[in-house]
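Tertiary structure, described
Chain residues, written in single-letter form:
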Amino acid sequence: MSLPLSSWTKKKNALRHINSCHDDRDTLITLHDRSCDNLRMSTHTREGTQDAYMEAACKTETSRKKTPSLELSGATQLPESINCLACSEDGRYLSLGYSKGLSVWCASSLICAAEWQQDTLEITYIQMTRMAERAYLLGTVDDMGVARVFAYHREAILLLSVINIMENINKRSICLTFELSEGGDCGAASISCNSIVWLEVYHFPTEAWLKELDKREREKQDPNLSGDLDVKWSPVAMVIKIKPPKIPAATALDDPLKVFQMTDFFTHCLFLDVDTSSSREWEEQSFDTSAGKTKETDESPRRCTQHFLLPWGQFPGGSKAKSQPAGLPVAVCVWWGGSHHLLQYLLQKAPKNKPADVEPMPDVLWPNTKEILCSAVSRCTRYIALGLDDALACVWDRQSGSPLSVVLVSAADSAFLRMQFVDYWPESPDDSQTFTAAKVYILVLCKSGATHTVTTGRGAQYCTVQLSERPKCSGDLPTVIASVPFLQSLSLVVQRNGEMFLQDVINKTTVCFLIPPTSHLIATPCNPVYTLNSKQQTLYIQGEQNPNCSPSSEEERQSQLFIFRFGALDIIKQYVVSLPDSPQQQNTLSCVNLEETCNFYLHQRALSVEERNKAITQTWKQLHETAVMVQQRHSRATATAT
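Residues numbered from 1 in each chain as written. Predicted model: local features only at pLDDT ≥ 70, side-chain atom pairs only at ≥ 80, totals over all residues. Heavy atoms only, no water.

1. Observations regarding the overall build of the protein
- Secondary structure summary: the protein contains 10 helices and 34 strands in total.
- With 642 residues in all, the protein has 46% of them scored as buried.
- Carbon together with sulfur atoms contributes 51% to the accessible area of the protein, which is approximately 33800 Å² in total. (Helix = DSSP H or I, 4+ residues; strand = E, 2+ residues; numbered from the N terminus. Buried < 20%, exposed > 50% of the residue type's maximum accessible area, 1.4 Å probe, protein only. Areas by Shrake-Rupley, 256 points an atom, 1.4 Å probe, with all protein chains shown as cover.)

Here is the structure:
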């Protein structure tokens, strides 16, 4: 999500990048300034630090000269500085959000096709998905936290629905996040009101909207009808409203030891989760020494993270989940800040006789031993990766309903910040045949700026590789690490200093640098506005005038949209892969009932016995080596003490 920055912040960011040119002279000046910041260090230490920086800079510059560079393929002027940018799945259109409205551009000609404006409105988030052949849905959030759904149809942008209408100013609901499912059949919005946060999942009447759009187009062409056509669009239906889990009053226990007597596994896990969160909040209370008593800190609402899930594996409710049309999300998985467990809810209409005040219970609970910090879902939604506290990464397999692996990434780095699946496909796309051999690749970004790759698979020994160390300079901190879906195993990296490059996260190499024109810089590199076009294999990113270079015309002062076409560089062509039009077209092997799921799981366990035996042998070997090492240290310590 791209948020607007005030003008003084943009000026500050621009001044920060005055010395972002990459010639040797500027690099040495920057390194000299860095070494002079620490005046308390001794002269010897300061000179040594400067020499180390200069040596590292020389190595970086030498490596960069050997790495190919992708020059700018094109650029176009933007009407004003934009806040957010998105591309449709079919690659035909771009959607731009900015102050006073939004617009839709043709991705090939970069010509504005339609615009929707409203004063005192600033769009800060936008998403675009194809609803039909020539109809698209747009989901937006403005600076006041209001979510809206638009339709782009026949060169017109039409407002279909406002998600959170403000009826009472004292109870104003604010949309924190808003997401459309691919195809626009569902939407999910996390809403905050009076320090309470909940998640709402909606079903969009796409078929009715398409009929109403066609009807409006016919009436528009009718010469007997003039003026604005007032169309009453079909309303959005809420499927489910999810709040942070609570223990029902009937199961509340005064004695925590009685929790182990519970027969309901869901209630047992939820009780432990809620009890852990309550204990953490109690520990975070501050003590007021002046008043001589404790006072609670400001309570912050628990944020939620959700992912739509496609049909795969065994679903509770069986026939109800299977009866939905192909391509529709059948469930949503949710985790709350401070929680240990991932909760899954089926997306089906509630029974008519169900009371409105009864909160829904999760249909599936994925338990974890540590607090969840971040998450990611694979493109086919078969795998769910969770970044846990204490540098643990857990990958759940929805096909078998069991963990694929639990990996300790690194104990030296800081906590996880983000994680994502790396787009990588084996030679055989049949999941049923490559179940034991298929590998899953995950990219993990830590708060320190260090990045790691995790390679794992069922029955196979996992592998963790440090892709990059913690940056010594704050300018080298990555602000964007995005998997490029049409380039196998490549990720786009944008650093705080404005540098951009493509990195092979499997082979741990930098493939090429992306170089903007010398007269311009990447706009707000701490929060860049960009999007990837998978069909045209293109990167669109916002740029701005370099303060070091005086513009030759007024046009150069305006914000620009830079275009990088990856097919223009020969070294990138070897990474290009063809993608299915949607993840629904990928092979999704589902089981009809629980018995089939168990049989499938046991069958795959039998097929992977050789790989698992190798992994167990390797683990015992490592344990033996560690035991010998510990014994040797103990012997040396004993000998030294005597």
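Still to come is the rest of the account.
2. Examining the packing of aromatic side chains
- All chains considered together, the criterion is met by 8 aromatic pairs.
- Ring centres of Tyr93 and Tyr152 lie 5.0 Å apart, and the angle between their planes is 65°; this geometry places the pair in the edge-to-face category. Separated by 59 residues along the polypeptide, Tyr93 in strand 4 (residues 93-106) and Tyr152 in strand 7 (residues 147-153) bring together distant segments of the chain. Tyr152 shares its class with Tyr93; the two are buried.
- Considering the side-chain rings of Phe486 and Phe566, the 5.8 Å spacing of their centres and the 45° angle between planes classify their relative orientation as tilted. Taken as a pair, Phe486 in the loop between strand 27 (478-483) and strand 28 (490-495) and Phe566 in the loop between strand 34 (560-565) and helix 8 (570-573) lie far apart in primary sequence, 80 residues in all. (Phe/Tyr/Trp six-rings, centres within 6.5 Å; stacked < 30°, edge-to-face > 60°.)

3. As for a nonpolar patch on the surface
- On the surface, Ile616, Trp620 and Leu623 cluster together to form a nonpolar patch covering roughly 350 Å² of accessible area.
- Of note, Leu623 is situated in helix 10 (residues 609-641).
- Judged by its relative accessible area of 48%, Leu623 is partly exposed. (Patch = residues over 30% accessible without salt bridge, like charges linked within 9 Å, V, L, I, M, F, W, Y side chains within 5 Å. Salt bridge = Lys/Arg side-chain N within 4 Å of Asp/Glu carboxyl O.)

4. So, the pairing of strand 15 (residues 304-309)
- Burial of strand 15 is extensive: 5 of the 6 residues sit out of reach of the surface.
- Relative to strand 16 (residues 331-336), strand 15 is paired through 6 bridges, and the arrangement is antiparallel. Across the sheet, residue Thr305 finds its bridge partner in strand 16, namely Trp335. (Pairing = 2+ DSSP bridges.)

5. Description of the side chain of Gln127
- Following the sequence through the fold, Gln127 ends up in strand 5 (residues 112-130).
- For Gln127, the side chain forms a polar contact with the main-chain nitrogen of Leu180, separated by 2.9 Å.
- Contact partners of Gln127, with chain neighbours within four places excluded, come to Ala86, Leu137, Leu138, Gly139, Phe178, Glu179 and Leu180. (Polar contact = N/O pair within 3.5 Å; in protein donor to acceptor, adjacent residues only side chain to side chain. Contact = heavy atoms within 4.5 Å.)

6. As for the side chain of Asp397
- Here Asp397 lies in strand 21 (residues 392-397).
- Here Asp397 falls in the buried class, since its relative accessible area comes to 0%.

7. Considering the sheet that holds strand 6 (residues 135-142)
- Spatially, 3-4-5-6-7-8 is the arrangement adopted by the 6 strands of the open sheet, whose pairing is antiparallel. Strands at the two margins of the open sheet, each flanked by one partner only, are strand 3 (84-87) and strand 8 (157-162). With strand direction ignored, the average angle separating the axes of adjacent strands in the sheet is 30°.
- Pairing between strand 6 and strand 7: 7 bridges, direction antiparallel. (Axes fitted to C-alpha atoms, helices over the stretch in contact; angles between N-to-C directions.)

8. A closer look at the sheet that holds strand 30 (residues 509-515)
- Taken in spatial order, the 5 strands of this open sheet run 1-30-29-28-27, and their pairing is mixed. With one partner strand each, in any of the chains shown, strand 1 (69-71) and strand 27 form the two edges of the open sheet. Each adjacent strand pair in this sheet contributes to an overall mean axis angle of 25°, direction not counted.
- Judged from the 5 bridges that link them, strand 28 and strand 29 (residues 500-504) form a sheet pairing that is antiparallel. Across the sheet, residue Val494 finds its bridge partner in strand 29, namely Met500.

9. Some points on helix 4 (residues 206-221)
- End to end, helix 4 covers 23 Å across 16 residues, agreeing with the expected 22 Å (1.5 Å per residue, within 8%).
- Elements that come into contact with the buried residues of helix 4 comprise strand 6, strand 7 and strand 8. (Expected span 1.5 Å × (residues − 1).)

10. Side note on the environment of Leu386
- Mapping Leu386 onto the fold places it in strand 20 (residues 383-388).
- Judged by its relative accessible area of 0%, Leu386 is buried.
- For the pair Leu386 and Ile372, spaced 14 residues apart in the sequence, the C-alpha separation amounts to 6.5 Å.

11. Looking at the pattern of salt bridges
- Applying the stated criterion across every chain yields a total of 7 salt bridges.
- Between Lys573 and Asp570 there is a salt bridge, and its shortest N-O distance comes to 3.3 Å. Of the two residues, Lys573 and Asp570 are both situated in helix 8; the distance of 3 residues between them amounts to about one turn of the helix.
- Relative accessible area serves as the criterion here: at 47%, Lys573 is assigned to the partly exposed category.
- Counted as one network, the salt bridges with shared partners bring together Asp90, Arg92, Arg130 and Glu133.

12. Digging into unusual backbone geometry
- One non-glycine residue, Arg154, lies in positive phi territory at about 50°.
- Here Arg154 is to be found in the loop between strand 7 and strand 8.
- The phi torsion at Gln537 lies on the positive side, around 50°, for a residue other than glycine.
- Inspection of the secondary structure assignment puts Gln537 in the loop between strand 32 (530-533) and strand 33 (538-545).

13. What about the environment of Gly91?
- The topology assignment puts Gly91 in the loop between strand 3 and strand 4.
- Those residues in contact with Gly91 that sit more than four places away from it in its chain are Ala107, Asn533, Lys535 and Gln536.

14. A short note on the state of the cysteines
- Scanning the entire structure with this criterion turns up 0 disulfides.
- Summary of cysteine pairing: Cys374 is not part of a disulfide, and the nearest cysteine sulfur, belonging to Cys446, is at 8.9 Å. (Disulfide = S-S within 2.5 Å.)

15. Quick look at the confidence of the model for the protein
- Mean pLDDT over the protein: 77, with 70% of residues reaching 70 or higher.
- Taken together, the stretch residues 1-50 has pLDDT below 50 and engages in 55 contacts with residues farther than four places along the chain or on a different chain.
- Counting interchain partners and residues more than four positions distant, the pLDDT-below-50 stretch residues 317-322 has 8 contacts. (pLDDT = per-residue confidence, 0-100.)

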